[in-house]
Amino acid sequence: MGTPSPRAVLVLAVVLGGLWAPRVVFGQPNFIVILADDVGWGDLGANWAETKETPHLDRLAAEGTRFVDFHSAASTCSPSRASLLTGRLGVRNGVTHNFAITSVGGLPLNETTLAEVLQEAGYSTGAIGKWHLGHHGHHHPNSRGFNYYFGIPYSHDMGCTDTPGYNLPPCPPCPRHGVAARVVRKDCYTEVALPLFENVTIIQQPVTLSSLATLYVEAAERFIQQASDSGHPFFLYLALAHMHVPLWDPPPAPSSGRGIYGASLSEMDALVGRIKQVADSHGKGNTLLWFTGDNGPWAQKCELAGRLGPFVGAWQRQRGGSSAKQTTWEGGHRVPALVYWPGHVPAQRTSRALLSTLDIFPTLVALAGAALPPDRRFDGLDVSPVLFGWSDEGHKVLLHPNSGAAGKVGEIETLRLAQYKAFYTTGGAMACDGSIGPAEHHQPPLIFNLDRDIQEQEPLDVASREYQAVLPMISRAYAQALEDIAADNISVADYSKDPAVIPCCNAQHVACRCHEAHAARLDLHTERRTTRLCL
């Protein structure tokens, strides 16, 4: 491989207190970040013994480090992804809720992405899969630091397909002839087909969902090979469609008893296993692979939603409504996380450090030998000492933004301080049974001790000594966090909408169809490019 092998050169560095700590110096490693969609903490067998569909991920956990107190930066799609790629919460980067297919804007252009920093540091950069940070004009991935893009510009339920797969409620297929039939069905897109992009070109519309996993793996293999041949280190951001609805019929897999969800989980597991295999084939130890999720399971999808593990948000469930995706209960943002880097990240290790997807940006920037962008503050930490096993200390305080349930979107009304978690707002998200917990504001806040009550069932009694002792610390941490945000350079996202920006391969065809005209190109992968662009 052209990329220099990481050189494990051990040096000694003086740290505070007169202690000596090891520090590793190495060449620029490759990075692969795999982001699963709507995956549950309990969807990995390594986390939850009842799960049997993830042998490859479980092997990845055994050969690397598993993080069990790891959190997404938000509990829904666009804000979570924006925070991962900027190291900043939505109240700073401007992305507080999801973008639409008609969105004119996206992640604000004055925000610097991880890809832009690594590209400047000499990396080949590729994004494969779901984007959901704006697709119009300069919001497209190719304009946000990625040399290569292959994927769907938003969630794959935001457009019709010919084989709609499994969703609740079920959605109809794309119309094929004549004028599109107007089917009024909540949460279904019936008039514009789901597009698949390669760079700025729509190469398939509608997407064939059943082939998506294979296409993503093939695109990843090509990108890794080309980057390797170029002699440059690479950064691959692989944002999977799994486990977001609609799910589809994957190739036959051993029966797990979990129906279509279990079969889809098996397909995702095999995909991750293949990516690991490809990375290892280009030099085992040259590539850091980080697997995690964008938020917790979408509870209202019932049997098509993932496993929460023990993080059930019992207090909320007792009052109705969801305690998973869109909420700030543990089930909404505590996600599986595995890091694999042979020779650097210890194998067979479990870390209980309090970490977040916010940490991916500063950590990879540091490992690449690059510098953080100036003139802004970051919510993420460089957690490389935790990855290397030298420390198990992460965040002292972690903020959880409102993500579509109760409260103003993006606002910080839940925070974690050590083992304590305080809620100033609860409720507002739909459960499988259709119930929506009442939106409630809590002053003083509900406080849970997660060391004793991981199910978030019984808040501390406000009259107890423990509550009275911890409340001032929480109030001080909360006030300091809000002051820090107010003093920062804050971006504002453009959430305006215009139907003219909807990606459309051929406006003369019903549902913007162009599948047949470009199917051959998907097989040939020639250098020819069509002229159907989305700018």
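Residues numbered from 1 in each chain as written. Predicted model: local features only at pLDDT ≥ 70, side-chain atom pairs only at ≥ 80, totals over all residues. Heavy atoms only, no water.

Naming follows an unreviewed UniProt entry, where the protein chain appears as Arylsulfatase G of Sclerurus mexicanus. Per UniProt, the protein chain carries the Subcellular location (unreviewed entry) text "Lysosome". Listed under Cofactor (unreviewed entry) in UniProt, the entry text for the protein chain is "Ca(2+)". (UniProt positions renumbered as here; feature names shortened; annotations may be inferred.)

Below, the discussion takes up the sheet that holds strand 11 (residues 287–293). Strand order in this open sheet of 10 strands is 9-8-7-6-10-3-11-12-4-13, and the pairing throughout is mixed. Two strands lie at the open edges of the sheet, namely strand 9 (201–204) and strand 13 (349–351), each paired on one side alone. Put simply, the sheet's adjacent strands are angled 20 degrees from each other on average, direction ignored. With 3 bridges joining them, strand 4 (residues 65–67) and strand 13 adopt parallel strand pairing. Bridge pairing in strand 13 links Phe67 to Ser351. Each of strand 4, strand 11 and strand 12 (338–340) touches helix 1 (residues 55–63); the most contacted strand, strand 12, lies at about 65 degrees to it. (Pairing = 2+ DSSP bridges. Helix = DSSP H or I, 4+ residues; strand = E, 2+ residues; numbered from the N terminus. Axes fitted to C-alpha atoms, helices over the stretch in contact; angles between N-to-C directions. Contact = heavy atoms within 4.5 Å.)

Next up on the list: the state of the cysteines. Applying the stated criterion to the full structure yields 5 disulfides. Cys160 shares a disulfide with Cys174; S-S distance 2.0 Å. Because the torsion about its S-S bond is 105 degrees, the bridge between Cys160 and Cys174 counts as right-handed. Taken as a pair, Cys160 in the loop between strand 7 (148–151) and strand 8 (196–198) and Cys174 in the loop between strand 7 and strand 8 lie far apart in primary sequence, 14 residues in all. What makes Cys160 buried here is its relative accessible area of 2%. Judged by relative accessible area, which is 5%, Cys174 ranks as buried. Ordering the disulfide-forming cysteines of the protein chain by sequence position, one finds them joined as 1-3, 2-4, 5-6, 7-9, 8-10. (Disulfide = S-S within 2.5 Å. Buried < 20%, exposed > 50% of the residue type's maximum accessible area, 1.4 Å probe, protein only.)

Right, let's talk about helix 5 (residues 212–230) for a bit. Note: α-helices contain 3.6 residues per turn, so residues at a spacing of three or four share the same orientation. If you check helix 5, its first and last C-alpha atoms are 27 Å apart, about what 19 residues at 1.5 Å a residue would give, namely 27 Å. The set of residues buried in helix 5 consists of Leu212, Ala213, Leu215, Tyr216, Val217, Ala219, Ala220, Phe223, Ile224, Ala227 and Ser228. Those residues of helix 5 hidden inside the fold are in contact with strand 3 (30–36), strand 6 (124–129), strand 7, strand 8, strand 10 (234–239) and helix 6 (259–281). (Expected span 1.5 Å × (residues − 1).)

On to the environment of Tyr467. Turning to its location among the elements, Tyr467 is positioned in helix 11 (residues 465–486). Those residues in contact with Tyr467, other than ones at most four positions away along the chain, are Pro444, Pro445, Ile447, Leu460, Asp461 and Val462.

It is worth spelling out the side chain of Asn167 at this point. Tracing the backbone shows Asn167 in the loop between strand 7 and strand 8. Here Lys301 takes part through its side chain, which lies 3.1 Å from a polar atom of the side chain of Asn167. (Polar contact = N/O pair within 3.5 Å; in protein donor to acceptor, adjacent residues only side chain to side chain.)

On to helix 6, then. Taking 1.5 Å per residue, 23 residues should reach 33 Å; helix 6 reaches 33 Å between its end C-alpha atoms and fits that length. Along helix 6, 17 of the 23 residues are buried, which leaves the element largely enclosed by surrounding structure. Residue Gly283 follows helix 6 closely and has a positive phi angle near 115 degrees.

What follows covers unusual backbone geometry. Gln205 connects to Pro206 through a cis peptide bond whose omega is 10 degrees. When you line up the elements, Pro206 lands in the loop between strand 9 and helix 5. We note that Asp375 has phi near 65 degrees; this positive angle belongs to a residue other than glycine. Note that Asp375 resides in the loop between helix 9 (360–367) and helix 10 (384–387). A positive phi angle, close to 65 degrees, is found at Cys512, a residue other than glycine. Mapped onto the elements, Cys512 comes out in the loop between helix 11 and helix 12 (515–524).

Quick look at the confidence of the model for the protein chain now. Caution applies to low-pLDDT parts of the model: their predicted coordinates are not meant to be read in detail. Here the protein chain averages 91 in pLDDT, and 89% of its residues register 70 or above. Overall, residues 1–23 carries pLDDT values under 50, and its contacts beyond four positions in sequence, including any with other chains, amount to 48 contacts. A low-confidence stretch, residues 516–535 (pLDDT under 50), is modelled with 36 contacts involving residues beyond four sequence positions or located in other chains. (pLDDT = per-residue confidence, 0-100.)

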